[in-house]
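# Close look at the chain arrangement
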Amino acid sequence: MAQAKTDGTRDMVKMALLMAMNCVSAYVIIPLPFSLSPISLQTVFVNLLGFLLTPRQVVIAMSAYLLMGLAGIPVFTGGASGPGKLFGPTGGYIFGFMAAAFIISWLRGNNYGFKRCAFLGVVVGIPVIYLFGVAQLNLLTGIGWEKAIITGALPFIPMDIVKCVAAAYITAPVQRAIGGGR
């Protein structure tokens, strides 16, 4: 009984720490003059959520993140918050973060592997985030699919690949630091 309590507490702390790192990473941005979306560090932590949490834990952590931002706590990219950000032109990326982390977690399984995690981040995570982000960008701005892809996805691909690989690289050390299995 005591072990089950310890595991539950460890899992809650792990979810809270990863969600907090995701919130902090939202402040590390590089604005792009030709795009509504900046480059942010969040891709690293969205991938870590998928690599280190179970699908259920991802849903809990990312739902809490979405609700905090929706309630006005400045946790979205650049310190933004509120329904205007979540349901605005770039809010699709936020929904994409949740979907990508969930799918990555579901596909990852129980065994860590650098190549497997890097592959999932690049081949699954990035396209899922872009799908949600570009779709909402196009829908709400009416700029058309081509311009939405050119301004909302293409400039971000090289850095997002680097961030996915970086997340895969630090997964094992972060797992050891925060303890517990997946």
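Okay, so let's go over this structure. (Residues numbered from 1 in each chain as written. Predicted model: local features only at pLDDT ≥ 70, side-chain atom pairs only at ≥ 80, totals over all residues. Heavy atoms only, no water.)

## Focus: the environment of Ala64
Mapped onto the elements of the fold, Ala64 is located in helix H3 (residues 55-70). Distance in space between the C-alpha atoms of Ala64 and Met15 is 9.9 Å, their sequence separation being 49 residues. (Helix = DSSP H or I, 4+ residues; strand = E, 2+ residues; numbered from the N terminus.)

## Things to note about helix H7 (residues 145-152)
Helical geometry note: an α-helix holds 3.6 residues per turn, so side chains three or four residues apart project in the same direction. Residues of H7 that are buried include every one of Ala148, Thr151 and Gly152, and no others. Across the axial projection of H7, the buried residues extend over an arc of 85 degrees, all falling on one side. Tucked inside the fold, the buried residues of H7 contact helix H5 (91-108) and helix H6 (114-141). (Buried < 20%, exposed > 50% of the residue type's maximum accessible area, 1.4 Å probe, protein only. Arc of directions from axis to C-beta. Contact = heavy atoms within 4.5 Å.)

## Regarding the pattern of salt bridges
What the rule picks out here adds up to one salt bridge. Between Asp160 and Lys163 there is a salt bridge, with the nearest N and O atoms lying 3.0 Å from each other. Within this pair, Asp160 and its partner Lys163 are both found in helix H8 (residues 157-178), separated by three residues, close to a single helical turn. The pair formed by Asp160 and Lys163 is uniform in burial state, with each residue classed as buried. (Salt bridge = Lys/Arg side-chain N within 4 Å of Asp/Glu carboxyl O.)

## Description of H5
With 18 residues, H5 ought to run about 26 Å at 1.5 Å a step, and its terminal C-alpha atoms sit 26 Å apart, in line with that. The element H5 is largely enclosed, with a buried count of 13 among its 18 residues. In the stretch just after H5, Gly109 is the one whose phi turns positive, near 80 degrees. (Expected span 1.5 Å × (residues − 1).)

## A word on the packing of H6 against H7
Packing of H6 against H7 leaves a shortest axis separation of 9 Å and a crossing angle of 130 degrees. Between H6 and H7, the interaxial angle falls into the category oblique. Here H6 and H7 pass one another in a crossing that is right-handed. Contacts between H6 and H7 pair Tyr130, Val134, Ala135, Leu137 and Asn138 from the former with Trp145, Ala148, Ile149, Thr151 and Gly152 from the latter. (Axes fitted to C-alpha atoms, helices over the stretch in contact; angles between N-to-C directions. Parallel < 35°, antiparallel > 145°, perpendicular 65-115°, else oblique. Left-handed = near helix turned anticlockwise from the far one by under 90°.)

## Quick look at the side chain of Ser105
Checked against the element boundaries, Ser105 lands in helix H5. Owing to a relative accessible area of 1%, Ser105 belongs among the buried residues under this scheme. Of note is the side chain of Ser105, whose polar atom sits 2.6 Å from the backbone oxygen of Leu53. (Polar contact = N/O pair within 3.5 Å; in protein donor to acceptor, adjacent residues only side chain to side chain.)

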